[in-house]
Amino acid sequence: MMALAFFGPELVNNEEFCQALLDHPQDMVKSMGAFQITPKFLAPFVHAIITKGGKAMHTMLRYTTPLFSQDKTNPVLGKHCIAQSMVELNPDPSYWTPAMLAQAILGIWFAAAHQPWMNLDFITLELSRRPDYVQELLREIGDPSLLNYSDVEGLSRLDSFVKEAVRTNSLDALAIRRKALRPFTFSHGGPHVKEGELACVSLYDAMHDEGTYSNPNHFDGWRFVKTASRFTDVSEKYPVWGFGSLACPGRFHASLMIKMVLVHLISGFDFRIEDEKVATQWKWEPFTMPFESTRVQFRRRDI
Ligand code: HEM
(Lines give C-alpha, C1' and ligand atoms only; values in the text may rest on other atoms or scores of the structure.)
Protein backbone atom coordinates (compact mmCIF):
# COMPACT_ATOMS: atom_id res chain seq x y z
CA MET A 1 0.00 0.00 0.00
CA MET A 2 2.77 2.40 0.95
CA ALA A 3 4.83 1.42 -2.09
CA LEU A 4 1.88 2.17 -4.34
CA ALA A 5 1.62 5.69 -2.91
CA PHE A 6 5.35 6.20 -3.26
CA PHE A 7 6.24 4.58 -6.57
CA GLY A 8 3.03 4.02 -8.52
CA PRO A 9 1.41 0.79 -9.80
CA GLU A 10 4.09 -0.30 -12.29
CA LEU A 11 6.97 -0.67 -9.86
CA VAL A 12 4.76 -2.21 -7.18
CA ASN A 13 4.28 -5.22 -9.43
CA ASN A 14 8.02 -5.71 -9.81
CA GLU A 15 9.13 -8.48 -7.46
CA GLU A 16 12.83 -7.57 -7.37
CA PHE A 17 12.05 -3.92 -6.60
CA CYS A 18 9.54 -4.79 -3.85
CA GLN A 19 12.00 -7.19 -2.22
CA ALA A 20 14.57 -4.36 -2.18
CA LEU A 21 11.97 -2.05 -0.59
CA LEU A 22 11.52 -4.56 2.22
CA ASP A 23 15.23 -5.30 2.61
CA HIS A 24 16.47 -1.70 2.66
CA PRO A 25 14.90 -0.62 6.02
CA GLN A 26 16.04 -3.90 7.58
CA ASP A 27 19.60 -3.33 6.34
CA MET A 28 19.53 0.13 7.89
CA VAL A 29 18.27 -1.03 11.27
CA LYS A 30 20.80 -3.88 11.40
CA SER A 31 23.62 -1.49 10.46
CA MET A 32 22.52 1.02 13.11
CA GLY A 33 22.68 -1.74 15.73
CA ALA A 34 26.09 -2.97 14.55
CA PHE A 35 27.61 0.55 14.38
CA GLN A 36 27.07 0.98 18.11
CA ILE A 37 29.82 -1.55 18.80
CA THR A 38 31.90 -1.20 15.63
CA PRO A 39 35.10 0.91 15.66
CA LYS A 40 34.69 3.77 13.18
CA PHE A 41 37.39 2.56 10.77
CA LEU A 42 35.63 -0.82 10.41
CA ALA A 43 32.18 0.70 9.76
CA PRO A 44 32.36 0.66 5.91
CA PHE A 45 33.30 -3.05 5.94
CA VAL A 46 30.61 -4.00 8.44
CA HIS A 47 28.10 -2.00 6.41
CA ALA A 48 29.15 -3.78 3.21
CA ILE A 49 28.78 -7.21 4.85
CA ILE A 50 25.38 -6.49 6.42
CA THR A 51 23.90 -4.87 3.32
CA LYS A 52 25.62 -7.24 0.85
CA GLY A 53 27.39 -4.28 -0.70
CA GLY A 54 24.29 -2.05 -0.53
CA LYS A 55 22.38 -4.49 -2.77
CA ALA A 56 18.87 -3.32 -1.80
CA MET A 57 19.76 0.37 -2.09
CA HIS A 58 21.40 -0.07 -5.49
CA THR A 59 18.42 -2.04 -6.76
CA MET A 60 16.05 0.68 -5.60
CA LEU A 61 18.16 3.42 -7.17
CA ARG A 62 18.51 1.45 -10.40
CA TYR A 63 14.75 1.38 -10.80
CA THR A 64 13.87 4.84 -9.47
CA THR A 65 16.57 7.07 -10.98
CA PRO A 66 15.49 6.56 -14.62
CA LEU A 67 11.89 7.00 -13.55
CA PHE A 68 12.67 10.45 -12.18
CA SER A 69 14.67 11.32 -15.29
CA GLN A 70 11.47 11.37 -17.29
CA ASP A 71 9.34 14.41 -17.81
CA LYS A 72 8.09 15.36 -14.32
CA THR A 73 4.49 15.35 -15.55
CA ASN A 74 4.91 11.84 -16.95
CA PRO A 75 1.97 9.62 -15.90
CA VAL A 76 4.46 6.97 -14.73
CA LEU A 77 5.23 9.23 -11.78
CA GLY A 78 1.60 10.11 -11.34
CA LYS A 79 0.15 13.46 -10.44
CA HIS A 80 -0.50 12.56 -6.83
CA CYS A 81 2.56 10.56 -5.89
CA ILE A 82 5.00 11.78 -3.25
CA ALA A 83 7.90 12.39 -5.65
CA GLN A 84 5.71 14.67 -7.72
CA SER A 85 4.69 16.69 -4.62
CA MET A 86 8.34 17.10 -3.65
CA VAL A 87 9.27 18.42 -7.08
CA GLU A 88 6.43 20.93 -6.87
CA LEU A 89 7.54 22.12 -3.41
CA ASN A 90 10.90 23.36 -4.66
CA PRO A 91 10.52 25.49 -7.79
CA ASP A 92 14.27 25.40 -8.59
CA PRO A 93 14.50 22.66 -11.27
CA SER A 94 18.29 22.32 -10.91
CA TYR A 95 17.87 21.12 -7.31
CA TRP A 96 16.03 17.93 -8.18
CA THR A 97 18.44 15.92 -10.25
CA PRO A 98 17.10 12.38 -10.78
CA ALA A 99 19.74 10.95 -8.41
CA MET A 100 18.91 13.54 -5.72
CA LEU A 101 15.18 12.85 -6.00
CA ALA A 102 15.71 9.10 -5.88
CA GLN A 103 17.90 9.43 -2.75
CA ALA A 104 15.43 11.77 -1.04
CA ILE A 105 12.54 9.44 -1.76
CA LEU A 106 14.47 6.50 -0.33
CA GLY A 107 15.13 8.50 2.86
CA ILE A 108 11.45 9.20 3.27
CA TRP A 109 10.69 5.61 2.37
CA PHE A 110 12.71 4.52 5.40
CA ALA A 111 10.73 6.93 7.63
CA ALA A 112 7.44 5.69 6.19
CA ALA A 113 8.09 1.98 5.83
CA HIS A 114 8.09 0.86 9.45
CA GLN A 115 6.12 3.06 11.87
CA PRO A 116 2.60 2.94 10.35
CA TRP A 117 2.66 -0.84 10.02
CA MET A 118 4.00 -1.64 13.48
CA ASN A 119 1.41 0.72 14.95
CA LEU A 120 -1.26 -0.92 12.82
CA ASP A 121 -0.19 -4.28 14.25
CA PHE A 122 -0.62 -3.01 17.84
CA ILE A 123 -3.97 -1.34 17.04
CA THR A 124 -5.30 -4.50 15.35
CA LEU A 125 -4.32 -6.57 18.39
CA GLU A 126 -6.08 -4.12 20.72
CA LEU A 127 -9.20 -4.35 18.53
CA SER A 128 -9.03 -8.15 18.45
CA ARG A 129 -9.29 -8.16 22.24
CA ARG A 130 -12.18 -5.67 22.38
CA PRO A 131 -15.28 -6.81 20.42
CA ASP A 132 -17.46 -4.16 22.15
CA TYR A 133 -15.38 -1.41 20.63
CA VAL A 134 -15.59 -3.10 17.22
CA GLN A 135 -19.41 -2.99 17.39
CA GLU A 136 -19.44 0.74 18.13
CA LEU A 137 -16.87 1.42 15.42
CA LEU A 138 -18.99 -0.56 12.96
CA ARG A 139 -21.93 1.74 13.74
CA GLU A 140 -19.75 4.83 13.27
CA ILE A 141 -18.33 3.61 9.95
CA GLY A 142 -21.71 2.66 8.45
CA ASP A 143 -21.37 1.88 4.74
CA PRO A 144 -17.61 2.09 4.00
CA SER A 145 -18.19 2.44 0.25
CA LEU A 146 -19.69 5.89 0.89
CA LEU A 147 -16.60 7.24 2.68
CA ASN A 148 -14.03 9.53 1.06
CA TYR A 149 -10.66 10.41 2.61
CA SER A 150 -11.97 13.26 4.76
CA ASP A 151 -14.89 11.13 5.96
CA VAL A 152 -12.40 8.49 7.12
CA GLU A 153 -10.35 11.14 8.93
CA GLY A 154 -13.58 12.56 10.40
CA LEU A 155 -14.52 9.32 12.22
CA SER A 156 -13.96 10.61 15.75
CA ARG A 157 -14.32 7.28 17.57
CA LEU A 158 -11.92 5.54 15.22
CA ASP A 159 -9.46 8.43 15.63
CA SER A 160 -9.74 8.20 19.42
CA PHE A 161 -9.30 4.42 19.46
CA VAL A 162 -6.20 4.65 17.28
CA LYS A 163 -4.76 7.43 19.44
CA GLU A 164 -5.39 5.48 22.66
CA ALA A 165 -3.96 2.25 21.22
CA VAL A 166 -0.79 4.13 20.21
CA ARG A 167 -0.64 5.85 23.62
CA THR A 168 -0.73 2.52 25.42
CA ASN A 169 1.52 0.68 22.94
CA SER A 170 4.27 3.16 22.17
CA LEU A 171 6.75 1.71 19.76
CA ASP A 172 9.50 3.89 21.19
CA ALA A 173 9.93 4.70 24.90
CA LEU A 174 11.83 7.89 23.96
CA ALA A 175 10.99 10.87 21.77
CA ILE A 176 12.28 14.21 20.46
CA ARG A 177 15.94 13.16 20.23
CA ARG A 178 18.12 16.25 19.79
CA LYS A 179 21.91 16.47 19.52
CA ALA A 180 23.69 19.35 21.31
CA LEU A 181 25.79 21.22 18.72
CA ARG A 182 27.38 23.14 21.59
CA PRO A 183 27.31 22.65 25.39
CA PHE A 184 23.77 23.31 26.59
CA THR A 185 22.07 23.81 29.95
CA PHE A 186 18.27 23.84 30.11
CA SER A 187 16.93 27.18 31.38
CA HIS A 188 14.74 25.48 34.02
CA GLY A 189 17.81 23.86 35.55
CA GLY A 190 17.60 20.51 33.79
CA PRO A 191 20.67 18.40 33.06
CA HIS A 192 23.73 19.88 31.35
CA VAL A 193 24.27 18.39 27.89
CA LYS A 194 27.82 18.24 26.51
CA GLU A 195 28.59 18.98 22.87
CA GLY A 196 27.74 15.96 20.71
CA GLU A 197 25.51 14.36 23.34
CA LEU A 198 21.87 13.49 22.72
CA ALA A 199 18.99 14.76 24.84
CA CYS A 200 15.52 13.27 24.55
CA VAL A 201 12.15 13.08 26.28
CA SER A 202 10.60 10.03 27.93
CA LEU A 203 7.66 9.29 25.66
CA TYR A 204 6.48 6.63 28.08
CA ASP A 205 6.30 9.08 31.00
CA ALA A 206 4.56 11.75 28.90
CA MET A 207 1.97 9.19 27.76
CA HIS A 208 1.38 7.93 31.30
CA ASP A 209 1.33 11.26 33.14
CA GLU A 210 -1.60 11.29 35.57
CA GLY A 211 -1.77 15.07 35.28
CA THR A 212 -2.69 14.66 31.60
CA TYR A 213 -4.38 11.26 31.43
CA SER A 214 -6.68 10.18 34.23
CA ASN A 215 -6.14 6.52 35.11
CA PRO A 216 -3.26 6.34 32.58
CA ASN A 217 -2.75 2.57 32.74
CA HIS A 218 -6.36 1.90 31.83
CA PHE A 219 -7.29 1.49 28.13
CA ASP A 220 -10.12 3.90 27.33
CA GLY A 221 -10.74 3.82 23.59
CA TRP A 222 -13.03 6.86 23.69
CA ARG A 223 -10.69 8.93 25.90
CA PHE A 224 -9.91 11.41 23.14
CA VAL A 225 -13.50 11.79 21.90
CA LYS A 226 -14.13 13.61 25.18
CA THR A 227 -11.14 15.95 24.69
CA ALA A 228 -11.68 16.56 20.96
CA SER A 229 -7.92 16.17 20.35
CA ARG A 230 -6.91 14.38 17.16
CA PHE A 231 -4.41 11.55 16.53
CA THR A 232 -2.31 13.79 14.25
CA ASP A 233 -2.06 16.68 16.75
CA VAL A 234 1.53 17.50 17.74
CA SER A 235 1.77 18.06 21.49
CA GLU A 236 4.32 17.74 24.28
CA LYS A 237 1.66 15.66 26.05
CA TYR A 238 1.57 13.18 23.13
CA PRO A 239 5.04 13.37 21.58
CA VAL A 240 4.66 10.32 19.33
CA TRP A 241 5.16 12.59 16.29
CA GLY A 242 8.13 14.39 17.81
CA PHE A 243 7.91 18.13 18.34
CA GLY A 244 8.49 21.59 16.86
CA SER A 245 9.80 22.18 13.36
CA LEU A 246 11.02 18.57 13.02
CA ALA A 247 7.68 16.98 13.95
CA CYS A 248 6.77 14.16 11.58
CA PRO A 249 5.57 15.59 8.24
CA GLY A 250 4.15 12.18 7.25
CA ARG A 251 1.65 11.96 10.10
CA PHE A 252 -1.44 12.81 8.03
CA HIS A 253 -0.44 10.24 5.45
CA ALA A 254 0.24 7.64 8.17
CA SER A 255 -3.02 8.34 9.97
CA LEU A 256 -5.08 8.01 6.79
CA MET A 257 -3.33 4.80 5.70
CA ILE A 258 -3.83 3.18 9.09
CA LYS A 259 -7.49 4.18 9.23
CA MET A 260 -8.22 3.01 5.67
CA VAL A 261 -6.94 -0.45 6.56
CA LEU A 262 -8.91 -0.45 9.83
CA VAL A 263 -12.15 0.63 8.15
CA HIS A 264 -11.73 -2.22 5.66
CA LEU A 265 -11.01 -4.77 8.40
CA ILE A 266 -13.68 -3.63 10.85
CA SER A 267 -16.45 -3.43 8.27
CA GLY A 268 -15.65 -6.70 6.53
CA PHE A 269 -14.26 -9.14 9.08
CA ASP A 270 -14.56 -10.67 12.53
CA PHE A 271 -11.09 -11.12 13.89
CA ARG A 272 -9.38 -12.54 16.91
CA ILE A 273 -5.89 -13.44 18.04
CA GLU A 274 -5.28 -17.12 17.31
CA ASP A 275 -3.64 -17.83 20.66
CA GLU A 276 -4.22 -15.28 23.45
CA LYS A 277 -1.45 -16.81 25.58
CA VAL A 278 1.34 -16.18 23.09
CA ALA A 279 3.44 -13.01 23.60
CA THR A 280 2.76 -10.41 20.90
CA GLN A 281 5.59 -7.93 21.60
CA TRP A 282 9.31 -7.98 22.27
CA LYS A 283 11.73 -5.26 23.37
CA TRP A 284 14.89 -4.06 21.71
CA GLU A 285 16.64 -1.06 23.26
CA PRO A 286 13.87 1.60 23.78
CA PHE A 287 11.67 -0.05 21.13
CA THR A 288 8.69 -2.37 21.54
CA MET A 289 8.32 -4.50 18.44
CA PRO A 290 5.63 -6.84 17.08
CA PHE A 291 6.43 -10.55 16.74
CA GLU A 292 6.39 -11.76 13.17
CA SER A 293 4.87 -15.03 14.39
CA THR A 294 1.70 -13.45 15.89
CA ARG A 295 -1.37 -14.77 14.10
CA VAL A 296 -4.74 -13.00 13.89
CA GLN A 297 -7.62 -14.94 12.35
CA PHE A 298 -9.88 -12.98 9.99
CA ARG A 299 -13.32 -14.33 9.06
CA ARG A 300 -15.29 -12.56 6.38
CA ARG A 301 -18.56 -11.49 7.97
CA ASP A 302 -20.87 -12.36 5.06
CA ILE A 303 -19.70 -16.03 4.87
C1 HEM B 1 2.60 6.09 12.74
C2 HEM B 1 3.49 6.50 11.85
C3 HEM B 1 4.63 7.45 12.11
C4 HEM B 1 5.17 7.87 13.30
C5 HEM B 1 4.74 7.50 14.72
C6 HEM B 1 6.24 8.79 12.97
C7 HEM B 1 7.03 9.44 13.90
C8 HEM B 1 8.06 10.30 13.59
C9 HEM B 1 8.92 10.94 14.56
C10 HEM B 1 8.84 10.73 16.07
C11 HEM B 1 9.80 11.72 13.88
C12 HEM B 1 10.91 12.59 14.50
C13 HEM B 1 10.33 13.97 14.86
C14 HEM B 1 11.16 14.78 15.81
O15 HEM B 1 12.32 14.44 16.08
O16 HEM B 1 10.65 15.82 16.33
C17 HEM B 1 9.50 11.57 12.47
C18 HEM B 1 10.18 12.19 11.46
C19 HEM B 1 9.91 12.04 10.12
N20 HEM B 1 8.88 11.31 9.57
FE21 HEM B 1 7.55 10.19 10.56
N22 HEM B 1 6.32 8.89 11.60
C23 HEM B 1 5.36 8.10 11.04
C24 HEM B 1 5.11 7.94 9.69
C25 HEM B 1 5.72 8.63 8.68
C26 HEM B 1 5.37 8.55 7.27
C27 HEM B 1 4.24 7.69 6.71
C28 HEM B 1 6.22 9.37 6.59
C29 HEM B 1 6.31 9.69 5.11
C30 HEM B 1 5.31 9.53 4.27
C31 HEM B 1 7.11 9.97 7.57
C32 HEM B 1 8.11 10.86 7.27
C33 HEM B 1 8.95 11.43 8.20
C34 HEM B 1 10.08 12.30 7.85
C35 HEM B 1 10.50 12.70 6.44
C36 HEM B 1 10.66 12.69 9.06
C37 HEM B 1 11.89 13.60 9.25
C38 HEM B 1 11.41 15.03 9.44
C39 HEM B 1 12.58 16.04 9.60
O40 HEM B 1 13.64 15.66 10.09
O41 HEM B 1 12.36 17.22 9.25
N42 HEM B 1 6.78 9.50 8.82
N43 HEM B 1 8.43 10.71 12.31
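Cut-offs and rules
Residues numbered from 1 in each chain as written. Predicted model: local features only at pLDDT ≥ 70, side-chain atom pairs only at ≥ 80, totals over all residues. Heavy atoms only, no water. Pairing = 2+ DSSP bridges. Helix = DSSP H or I, 4+ residues; strand = E, 2+ residues; numbered from the N terminus. Donors = N, O, S within 2.8 Å, 3.2 Å for Na, K, Ca; no water. 1 Å grid on protein atoms, 1.4 Å probe; cavity = no way out; pocket = protein on both sides within 12 Å on 5 of 7 lines; lining within 4 Å. Points joined across faces, edges and corners; volume = space filled by probe spheres on them. Nonpolar A, V, L, I, M, F, W, Y, C, P; charged D, E, K, R; others polar. Near = heavy atom within 4 Å. Polar contact = N/O pair within 3.5 Å; in protein donor to acceptor, adjacent residues only side chain to side chain. Axes fitted to C-alpha atoms, helices over the stretch in contact; angles between N-to-C directions. Contact = heavy atoms within 4.5 Å. Core = buried A, V, L, I, M, F, W, Y, C linked by side-chain atoms within 4.5 Å. Buried < 20%, exposed > 50% of the residue type's maximum accessible area, 1.4 Å probe, protein only. UniProt positions renumbered as here; feature names shortened; annotations may be inferred. Phe/Tyr/Trp six-rings, centres within 6.5 Å; stacked < 30°, edge-to-face > 60°.

(A) Representation of the pairing of strand β6 (residues 281-284). The pairing of β6 with strand β7 (residues 287-290) spans four bridges and is classified as antiparallel. Note that in β7 the partner of W282 across the bridge is M289. As consecutive antiparallel partners, β6 and β7 are separated by two residues, and within that stretch E285 has a phi angle of approximately 50°, a positive value.

(B) Just the coordination of the iron atom of the ligand, in detail. The protein gives the iron atom of the ligand a lone donor atom, C248 (SG), placed 2.3 Å from the metal. By secondary structure assignment, the location of C248 is in the loop between α11 (223-227) and α12 (251-268).

(C) Representation of the layout of surface pockets within the structure. Within this model, the second largest pocket holds a volume of roughly 380 Å³. In terms of lining residues, the second largest pocket is bounded by 14 residues, among which R178, F184, F186, V193 and A199 are the most central. For the lining of the second largest pocket, the class distribution of residues is 10 nonpolar, one polar and three charged.

(D) Representation of the site of the ligand in the model. Lining the immediate surroundings of the ligand are 19 residues, of which R178, G242, F243, L246 and C248 lie closest. Between the ligand and R178 there is a distance of 2.7 Å, counted from an oxygen atom to a side-chain nitrogen or oxygen. In this structure, an oxygen atom belonging to the ligand sits 2.9 Å away from a main-chain N or O atom of F243. If you list the elements that add at least two residues to the shell around the ligand, you get α6 (98-128) and α12. Here the shell around the ligand gets six residues from one element, more than from any other, and that element is α6. Along the lines of polarity and charge, the residues of the shell around the ligand split into 13 nonpolar, five polar and one charged.

(E) Structural context of the packing of helix α7 (residues 131-141) against helix α9 (residues 156-168). It is the contact of α7 with α9, at a shortest axis distance of 9 Å, that shows an interaxial angle of 145°. Facing Y133, E136, L137 and E140 of α7, the residues of α9 in contact are S156, R157, L158 and F161. Of the residues assigned to the contact of α7 with α9, the class counts are four nonpolar, one polar and three charged.

(F) Summary view of the nonpolar core. If you look at the biggest cluster of nonpolar residues, it comprises 35 residues, and the most contacted ones within it are I123, L127, L158, F161, Y238, L262 and I266. Secondary structure elements with two or more residues in this core: α6, α7, α9, β1 (174-179), α10 (203-207), α12 and β5 (269-273). Looking at this core element by element, the count peaks at eight residues for α12. Beyond its immediate chain neighbours, meaning those up to four positions away, L127 contacts V134, L137, F161, L262, I266 and F271. Membership of the second largest hydrophobic core comes to 24 residues, among which are L67, A102, L106 and W109.

(G) The UniProt feature "binding site: heme" (unreviewed entry) in the chain, seen in detail. In this numbering, the UniProt entry assigns the feature "binding site: heme" (unreviewed entry) to C248. Owing to a relative accessible area of 28%, C248 belongs among the partly exposed residues under this scheme.

(H) Examining the packing of aromatic side chains more closely. Inspection of the entire model under this criterion finds 16 aromatic pairs. Seen in terms of ring centroids, Y133 and F219 are 6.0 Å apart; in terms of plane orientation they differ by 85°. Their pairing is edge-to-face. In this pair, Y133 is assigned in helix α7 and F219 in the loop between α10 and α11, connecting sequence segments 86 residues apart. Note on Y133: relative accessible area 16%, which makes it buried. Classification of F219 as buried rests on a relative accessible area of 9%.

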